[in-house]
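Residue strings, one per chain:
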Amino acid sequence: MKRPRGAPSPQGARATRFARTRGDRLGLGRALLFVCVLSATASADVTEKSRVEVQPPGKPYKQVSIDNSLGNVRIEGHDGKNVIIETIKRAGTDEAIERLRISLVPDPDGTVRITTHADPSPESKPVARSAVSIDVVIRAPRGARFDATVGSGKLEAKNMDAGGELDSASGAITVDNVQGELYTHSVSGSITINKAFGDVDAATVSSDVALDSISGQKLVASANDGKIAGRRVRSRDIELTTMTGKITLEAEALPRGRIVVSSMRGDVEVKLRRQAQTAMVVRGRGTKVDLGSTPVTVLGKWQEAKLGSGGEATVVELRSNHGFVQFLQLAVIQ
Amino acid sequence: MSCESVREKLTAYLDGELEGERGSAVRGHLRGCDACRQIAADEAALRDGLRSLPPLDPPASLWAGVQSRLAAEEVKDAERPAWGRALTWLRPRALHIGFATVALGAAIVLLVMKLQRDDEQQVAVKPPIQVPVPEIASNNPEPPRAGQCNTTPSDDKDVSAAIAAEPAAITACYAQTVSELIEVAKEARGEWPADRQRDFDIELEALQEKVVRATDERPRQQAYRKMIRYLQRAVVRDDVALANLGGQQ
């Protein structure tokens, strides 16, 4: 695992020879890229792996909480009772890796708390943040709630049944197959949610939100400076808001539903399918409004179209203050 | 699309010459504008009326007159010298030729300028622009100035110091967003009715109070996120069409 620092690697030497014999620019470029990759890996070539399994004293753990500013976090649900924590520390030197700490506290209240940190620098030279990392994989009982925070690392949650909260600064958030209330928020990390079966609240300041197969009662998503794209959404109460980004939504209008899609400057594009017994009242407002082939009524700044004649109407409010609004009715489900 | 521009395009639209989005835009306008729809209906009715009239044959003397005028023009052309005929060909194209000459001249000038600039840049490499990054106090809810949002502190610090500084940097990013949204809200607020302005002010004050009272960065970030959500709704949904807003996060 360890290699003396500064020693040339056989791959690097081979790459240099290759570049000299060919002598063309492309070959040299590739070789340089290869050497760069090698030197980058060489700067974090000390790794330390560990695996800890925590058994609950009696009842299964109710919550798993992790705060890792130093790398990626992945939380996966499993059918067992134990919480299994796998960590990989990476650093350029043994000294630096010794400074990376992981603390694990199983609380009697049913929460397992995991935090990472780096000890303050000794008198030796400081270590840059980008030169070290701790990646954490947690396998937790499906029924446990999760609460995870990262800085610039990736944050993933998968196959969990009790919902949770994911918080990231610039790292991407990915959720797959999660039940229960889900809260995700980031400053500049993208948010991708696939297969969520509970209420979802997703917010980002300057990135995009991608939603697929969302079927909780309520879906709220906002992006201050980014896009929102939703498909296969079956929530009764949907509210999507952006300031600058485009919003696209493909969803099913449920009886007595409420769908509000609003943007300040982005275009709004909504495609809805409805059940035969569900009527829809669609109102649109924008610099250009297209509510499809249905006859529209003009009400001040709004255009209104009514689809279907069922008693349990879904209200749809589409708005873009400085963009286009487009609505299309997809198939009617019998 | 304005009524004026729609009326200009009305003839082409009725002739079926507007395709795709242009046609759709006119159609969309006609759906919503009674006045233009009436004009379009009148125009269409007039056309239908004209089409229904019986065909009218022109008198024989008209065709003979046209032929004699054409013959006279052809005789004139034949008598004109070759350079005169060339000028006649160039005259209707004079505007295009003029534009093309000016554009070619401008392109040559720009090319020469660019080549000169490239040469200058090769000689003198400018130093990188230094952007001052202010220190952010960890318990200061005061929003920083715009354009300084970076959640990852600089890499020249030691890792422990960088991690310690990160929560405050994240809070600063949220605070900056709030600050920008408040500026947008201030502009929108002027057009709201008095009771809505009052409600907005009360709600904003309550949210700001939560930011100030937060004792740690995480609760402060949460309070800022609530403010962002509220401000986005208030600014974007300046009038509520159908569904009222709840007190969601």
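Please read these numbers as outputs of a predicted model, since none were measured by experiment. Counting restarts for each chain, with residues numbered from 1 along the sequence as it is written. Whichever chain is written first is A, and whichever ligand is written first is 1; the rest continue in order. Residues qualify for local features only when their pLDDT is at least 70, as the model is predicted, and side-chain atom pairs are given and counted only at 80 or more; totals for whole chains, interfaces and linings, by contrast, use all residues.

Asks: What is the right way to read the overall build of chain A from this model?
Replies: In terms of helices and strands, chain A carries 3 helices and 27 strands. Backbone-placed C-beta atoms define the burial measure: a residue is buried with 20 or more other C-beta atoms within 10 Å of its own, exposed with 12 or fewer, and partly exposed in between. Here chain A holds 334 residues, and the buried ones make up 45% of them. For chain A, the share of sequence-separated contacts (at least 6 apart) that also reach a separation of at least 24 residues comes to 45%. Secondary structure is summarised from DSSP: a helix means a run of H or I of at least four residues, a strand means a run of E of at least two, and numbering begins at the N terminus for each. What counts as a contact here is a pair of residues whose C-beta atoms, placed from the backbone, lie within 7 Å.

Asks: Which parts of the structure should I look at to understand the overall build of chain B?
Replies: Scanning chain B from N- to C-terminus turns up 9 helices and 0 strands. Written out in order from the N terminus, the α and β elements of chain B read α-α-α-α-α-α-α-α-α. Looking at chain B residue by residue over its 249 residues, the buried ones come to 15%.

Asks: Sorry, what's going on with the pairing of strand β16 (residues 218–223) of chain A here?
Replies: Regular strands show a simple pattern: their side chains alternate between the two faces of the sheet. Residues and elements named next belong to chain A. With 5 of its 6 residues buried, β16 lies for the most part within the structure. Pairing geometry for strand β14 (residues 200–204) and β16, over 5 bridges, is parallel. Paired with Val 200 across the bridge in β16 is Leu 219. As paired strands, β16 and strand β18 (residues 237–242) are joined by 6 bridges and run parallel to one another. Each residue of the ladder has a partner; that of Ala 223, found in β18, is Thr 242. When DSSP finds two or more bridges between a pair of strands, those strands are recorded as paired.

Asks: Before we go on, may I ask you to explain the environment of Pro 56 of chain A in this structure?
Replies: Residue and element names in this part refer to chain A. Turning to its location among the elements, Pro 56 is positioned in the loop between β1 (46–54) and β2 (63–68). Note: C-alpha distance between Pro 56 and Pro 106 (50 residues apart in sequence) is 8.4 Å. Among residues more than four places away in sequence, those in contact with Pro 56 are Tyr 61 and Lys 81.

Asks: Explanation requested: the nonpolar core in the structure shown.
Replies: One broad rule of soluble globular proteins: the nonpolar side chains tend to lie buried together. In terms of nonpolar packing, the biggest core is built from 77 residues, with Val 64, Ile 75 and Val 261 of chain A touching the most fellow members. Sequence-distant contacts of Val 64 of chain A, that is, excluding residues within four places in its chain, are made with Ile 75, Val 83, Val 112, Ile 138, Ala 140, Ala 144 and Phe 146 of chain A. One nonpolar core equals one set of buried Ala, Val, Leu, Ile, Met, Phe, Trp, Tyr and Cys residues connected by C-beta atoms within 7 Å. Val 205 of chain A together with Ile 170, Cys 173 and Tyr 230 of chain B belong to the second largest nonpolar core, which has 23 residues in total.

Asks: Please explain the interface of chain A and chain B as it appears in this structure.
Replies: How big an interface is tends to be stated in terms of accessible area lost as the parts join. With 43 residues of chain A in contact, the opposing surface of chain B contributes 30 residues. When contributions to the side of chain A that touches chain B are tallied by element, the ones reaching two or more residues are β6 (111–118), β14, β16, β20 (258–263), β23 (288–290), β24 (296–299), β25 (302–307) and β26 (314–320) of chain A. No other element matches β20 of chain A, which puts 4 residues into the side of chain A that touches chain B. Counted by class, the side of chain A that touches chain B contains 18 nonpolar, 16 polar and 9 charged residues. When residues are sorted by character, Ala, Val, Leu, Ile, Met, Phe, Trp, Tyr, Cys and Pro go into the nonpolar class, Asp, Glu, Lys and Arg into the charged class, and all the rest, Gly among them, into the polar class.

Asks: Mind showing me how you'd approach unusual backbone geometry here?
Replies: The general pattern is negative phi for most residues beyond glycine and trans for most peptide bonds. Residues and elements named next belong to chain A. Its identity as a non-glycine residue notwithstanding, Asn 159 has a phi of 55°, on the positive side. Residue classification places Asn 159 among the partly exposed positions, given that 17 C-beta atoms sit within 10 Å. A positive phi angle, near 60°, is found at Asn 177, a position not held by glycine. Here Asn 177 shows up in strand β11 (residues 173–178). Residue Asn 177 is classed as partly exposed on the basis of its C-beta count, with 17 C-beta atoms lying within 10 Å.

Asks: Sorry, what's going on with the packing of helix α7 (residues 159–189) of chain B against helix α9 (residues 217–236) of chain B here?
Replies: In a pair of packed helices, the angle between the axes and the distance between the axes together describe the arrangement. Residues and elements named next belong to chain B. The angle between two axes is taken between their N-to-C directions and runs from 0 to 180 degrees, where each axis is a line fitted to C-alpha atoms and a helix contributes only its stretch in contact. Running from N to C, α7 and α9 point in directions that differ by 25°, and their axes come no closer than 9 Å. One way to sum up the angle between α7 and α9 is to call them roughly parallel. Considering how the two elements wind past one another, α7 and α9 form a crossing that is left-handed. Should an angle lie under 35 degrees it is considered roughly parallel, over 145 roughly antiparallel, and from 65 to 115 roughly perpendicular; all remaining angles are considered oblique. Handedness of a helix crossing follows the sense of rotation of the near helix relative to the far helix, less than a right angle counterclockwise being left-handed and clockwise being right-handed.

Asks: Before we go on, may I ask you to explain the confidence of the model for chain B in this structure?
Replies: A low pLDDT means the predicted coordinates there should not be read in detail. All names here are of chain B. A residue's pLDDT is the confidence the predictor assigns to it, expressed on a 0 to 100 scale. Per-residue pLDDT for chain B has a mean of 71; in total, 57% of the residues score no lower than 70. Summarising per-element confidence for chain B, the mean pLDDT is lowest in helix α5 (residues 82–90) (59) and highest in α9 (93). Note that pLDDT drops below 50 for residues 118–148; the model gives that stretch 22 contacts with residues more than four away or on any other chain. The low-confidence segment residues 241–249 (pLDDT under 50) makes 16 contacts with residues lying over four places distant or belonging to another chain. This prediction of the complex comes with two scores: 0.67 for pTM and 0.82 for ipTM.

Asks: What am I meant to see in α9 of chain B here?
Replies: Working note: α-helix, 3.6 residues per turn, so residues spaced by three or four point in the same direction. An expected span of 1.5 Å times one less than the residue number is assigned to each helix. With 20 residues, α9 of chain B extends 28 Å between its outermost C-alpha atoms, agreeing within 8% with the 28 Å of an ideal straight helix rising 1.5 Å per residue. Buried residues dominate α9 of chain B, accounting for 14 of its 20 residues.

Asks: Got a minute to help me understand the packing of helix α8 (residues 194–213) of chain B against α9 of chain B in this structure?
Replies: Residues and elements named next belong to chain B. Interhelical geometry of α8 versus α9 gives an angle of 165° and a closest axis separation of 8 Å. In terms of their interaxial angle, α8 and α9 are classed as roughly antiparallel. As α8 packs across α9, the resulting crossing turns out to be left-handed. Mapping the contact onto sequence places Phe 200, Glu 203, Leu 207, Lys 210 and Val 211 in α8 and Arg 220, Ala 223, Tyr 224, Lys 226, Met 227, Tyr 230 and Ala 234 in α9.

Asks: What should I look at first to understand α8 of chain B in this one?
Replies: The terminal C-alpha atoms of α8 of chain B, which comprises 20 residues, lie 29 Å apart, in line with the 28 Å expected from a rise of 1.5 Å per residue. Taken across its 20 residues, α8 of chain B has 1 buried, putting it largely on the surface.

Asks: How do you make sense of the environment of Gln 176 of chain B when you look at a structure like this?
Replies: Its place among the elements puts Gln 176 of chain B in helix α7. In this structure, the C-alpha to C-alpha distance between Gln 176 of chain B and Cys 149 of chain B, residues 27 residues apart in sequence, is 7.2 Å.

Asks: I would appreciate a short explanation of the pairing of strand β12 (residues 182–186) of chain A in the present structure.
Replies: All names here are of chain A. Buried residues dominate β12, accounting for 4 of its 5 residues. Where strand β10 (residues 164–168) meets β12, 5 bridges bridge the pair, whose relative direction is parallel. Among the inter-strand pairings, Asp 167 is bridged to a residue of β12, identified as His 185. Bridge analysis of β12 against β14 gives 5 bridges, and the strand direction is parallel. Counterpart to Thr 184 in the pairing with β14 is Ala 202.

Asks: Mind showing me how you'd approach the confidence of the model for chain A here?
Replies: Overall, the predicted model of chain A reaches an average pLDDT of 86, with 86% of residues at or above 70. The model gives residues 1–44 of chain A a pLDDT under 50, and that stretch makes 25 contacts with residues more than four places away or in other chains.

Asks: How should I be thinking about the environment of Gly 23 of chain B in this particular structure?
Replies: Residue and element names in this part refer to chain B. Looking at the element boundaries, Gly 23 is found in helix α2 (residues 20–32). On the basis of neighbour count, Gly 23 is assigned to the partly exposed category, with 15 C-beta atoms found within 10 Å. Separated by 11 residues in sequence, Gly 23 and Ala 12 have C-alpha atoms that sit 9.2 Å apart. For Gly 23, the contacting residues outside a window of four places in its chain are Tyr 13 and Leu 18.

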